[in-house]
Amino acid sequence: MIILKKIADLQHYLAPQKAAGARLGFVPTMGALHSGHTSLIQQAKAANTLVICSIFVNPTQFNDIKDFEKYPSSIDADIEMLIEAGCDVLFLPSVAEMYPGGPANTPTFNFGYLDTILEGAQRPGHFKGVGQVVATLLNAVQPHQLYLGQKDYQQCMVIKQLLRLMGIQDKIELVICPTRREADGLAMSSRNRRLSEFVRPQAATIYQCLVSIESKQHTSHFETVRKECIELLKDKGFDPEYVSLAKADDLTLMGDYQPNTPTVALIAAKLGDVRLIDNLILN
Ligand code: AMP
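Model, not experiment: these values are computed from the prediction.

Before going further, it helps to spend a moment on the site of the ligand. Around the ligand sit 16 residues, and of these Met 30, His 37, Asp 152, Arg 180 and Met 188 come closest. Measuring from an oxygen atom of the ligand, one finds a side-chain N or O atom of Asp 152 at 2.6 Å. Those elements that provide at least two residues to the shell around the ligand are strand S2 (24–29), helix H2 (35–47) and strand S5 (145–149). Take the shell around the ligand: its biggest share by element is three residues, from H2.

Dropping the structure here:
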């Protein structure tokens, strides 16, 4: 695996390979890698000639400075995992490389409704930062396929819209990969490392709530199930931010279950100072 830190070096490395017909699969990450990330690398590897992974903890997408400062980092272990997973290129830029004129002089995108609900409402400015960094990364890599995790469902929809706003939706195929989970159902996340051994057993409650939202869809009203979930989360020590139901294709929020409508349940909750999110598409 080759490690490159400059956009110019990355483009210089990729251009001849593209000219020779290589297909590029791209996996953007913030590092502190786990098997959720490597599953994306493996899926990209299976469908492309070259897999490029980026590790960049993007300061502009953290609405909470403490969350940014505490974001886990494990670059040596990450490099080992990427080699093991078959990654070809690691792009490891600095903040100065990604924001040469500073964030204020880097283009932003308007995601409209998507930026007003759920993560957009709870984390003001978050998707603006995501849009900035992903646009810069896509311009640098210009992949054929972009691999994202369903774990960040709303982010997938925002980036789908970003591709349209950048006019590159026909050039880059978005591939959304299933959420990898721990044995008890907890969605793998870099932030899980910050859960203490005392609270870790409670963390899977979010997934249990999602499963209960799914299993009660034909027998209860959503508001009843939502209240049960909030109570359960609180009992287990969480501070719930939202327990929501939305149309899977455009994230229109739903007040109740609607049969024959593709639906996603989404939860965000804090356990101590660790904020966790998860979602489940209802069958
Ligand atoms: P992050 O490093 O958290 O920015 O995540 C980088 C990419 O990995 C994003 O597309 C995430 O949605 C994806 N990802 C994170 N956790 C998981 C998981 N448990 N399963 C599958 N993909 C994931």
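Glancing now at the pattern of salt bridges. What the rule picks out here adds up to 12 salt bridges. Close ionic contact of Arg 275 with Glu 241 constitutes a salt bridge, the shortest N to O distance being 2.8 Å. Residue Arg 275 is found in strand S9 (residues 274–281), and its partner Glu 241 is found in strand S7 (residues 238–247); the two are separated by 34 residues along the sequence. The exposure class of Arg 275 is buried, given its relative accessible area of 15%. On the basis of relative accessible area, Glu 241 is assigned to the partly exposed category, the value being 26%. Each member of the salt-bridge network shares a partner with another, and the members are Asp 67, Arg 123 and Arg 191.

We now examine the domain arrangement of the protein chain. The domains assigned to the protein chain are domain 1 (2–177) and domain 2 (190–281). On the side of domain 2, 21 residues touch domain 1, which itself brings 24 residues to the contact. Taken together, both faces of the contact between domain 1 and domain 2 bury some 2,000 Å²; the carbon and sulfur share is 51%. For the interface between domain 1 and domain 2, the tally reads three salt bridges. With a shortest N-O distance of 2.7 Å, Asp 273 and Lys 70 are connected by a salt bridge. Our enumeration of links across domain 1 and domain 2 arrives at 15 residue pairs in polar contact (both at pLDDT 80 or more). Breaking the side of domain 1 that touches domain 2 down by element, the ones donating at least two residues are helix H6 (118–122) and helix H8 (153–165). The residue makeup of the side of domain 1 that touches domain 2, split by class, is 11 nonpolar, seven polar and six charged.

Buried residues of helix H9 (residues 205–215): Thr 205, Ile 206, Cys 209, Leu 210, Ser 212, Ile 213 and Glu 214, and no others. As for H9, its buried residues are in contact with helix H10 (222–235), S7, strand S8 (263–271) and S9.

Before going further, it helps to spend a moment on the side chain of Glu 119. If you trace the backbone, Glu 119 turns up in helix H6. Residue Glu 119 is classed as buried on the basis of its relative accessible area, which comes to 5%. Of the polar contacts made by the side chain of Glu 119, one reaches the side chain of Tyr 242; its length is 2.5 Å. Ignoring any residue separated from it by four or fewer positions in sequence, one finds Glu 119 in contact with Phe 127, Gln 154, Tyr 242, Ala 268, Arg 275 and Ile 277.

Let us now look at the environment of Tyr 113. One can find Tyr 113 in the loop between helix H5 (95–98) and H6. For the pair Tyr 113 and Leu 251, spaced 138 residues apart in sequence, the C-alpha to C-alpha distance is 9.1 Å. Residues in contact with Tyr 113, not counting those within four places in the same chain, are Asp 250, Leu 251, Thr 252 and Leu 253. Within the structure, the side chain of Tyr 113 is placed 3.2 Å from the backbone nitrogen of Leu 253, a separation counted as a polar contact.

Let us now look at the packing of aromatic side chains. By convention here, two paired aromatic rings are described through the distance between centres and the angle between planes. As enumerated under the stated definition, the model contains four aromatic pairs in all. Ring plane angle 55° and centroid distance 5.2 Å describe the contact between Phe 62 and Phe 68, whose orientation is recorded as tilted. Each ring, one from Phe 62 and one from Tyr 71, has its centre 5.6 Å from the other, and the planes form 75°; the classification is edge-to-face. Members of the aromatic cluster, connected to one another through ring pairs, are Phe 62, Phe 68 and Tyr 71.

Next up on the list: the sheet that holds S5. Judged by pairing direction, the sheet is parallel, and its six strands sit side by side in the order S1-S4-S3-S2-S5-S6 without closing on themselves. With partners counted over all chains shown, the strands left at the sheet margins are strand S1 (2–4) and strand S6 (173–177), one partner each. Each neighbouring strand pair of the sheet contributes to a mean axis angle of 25°, computed without reference to strand direction. Summarising the sheet, S5 and S6 pair through five bridges and their orientation is parallel. Following the sheet pairing, Leu 148 is matched in S6 by Ile 176.

Turning to unusual backbone geometry, a few remarks are in order. One non-glycine residue, Leu 118, lies in the positive phi region at around 45°. Take Leu 118: it is sitting in helix H6. Classification of Leu 118 by relative accessible area gives buried; the value is 6%. In this structure, Leu 251 is a non-glycine residue whose phi angle is positive, near 65°. Looking at where Leu 251 falls in the secondary structure, it is placed in the loop between S7 and S8. Assessed through its relative accessible area of 0%, Leu 251 is described here as buried.

Calculation rules
- Residues numbered from 1 in each chain as written.
- Predicted model: local features only at pLDDT ≥ 70, side-chain atom pairs only at ≥ 80, totals over all residues.
- Heavy atoms only, no water.
- Near = heavy atom within 4 Å.
- Polar contact = N/O pair within 3.5 Å; in protein donor to acceptor, adjacent residues only side chain to side chain.
- Helix = DSSP H or I, 4+ residues; strand = E, 2+ residues; numbered from the N terminus.
- Salt bridge = Lys/Arg side-chain N within 4 Å of Asp/Glu carboxyl O.
- Buried < 20%, exposed > 50% of the residue type's maximum accessible area, 1.4 Å probe, protein only.
- Domains from an automatic or database assignment.
- Contact = heavy atoms within 4.5 Å.
- Buried area = accessible area lost by both parts, 1.4 Å probe.
- Nonpolar A, V, L, I, M, F, W, Y, C, P; charged D, E, K, R; others polar.
- Phe/Tyr/Trp six-rings, centres within 6.5 Å; stacked < 30°, edge-to-face > 60°.
- Pairing = 2+ DSSP bridges.
- Axes fitted to C-alpha atoms, helices over the stretch in contact; angles between N-to-C directions.

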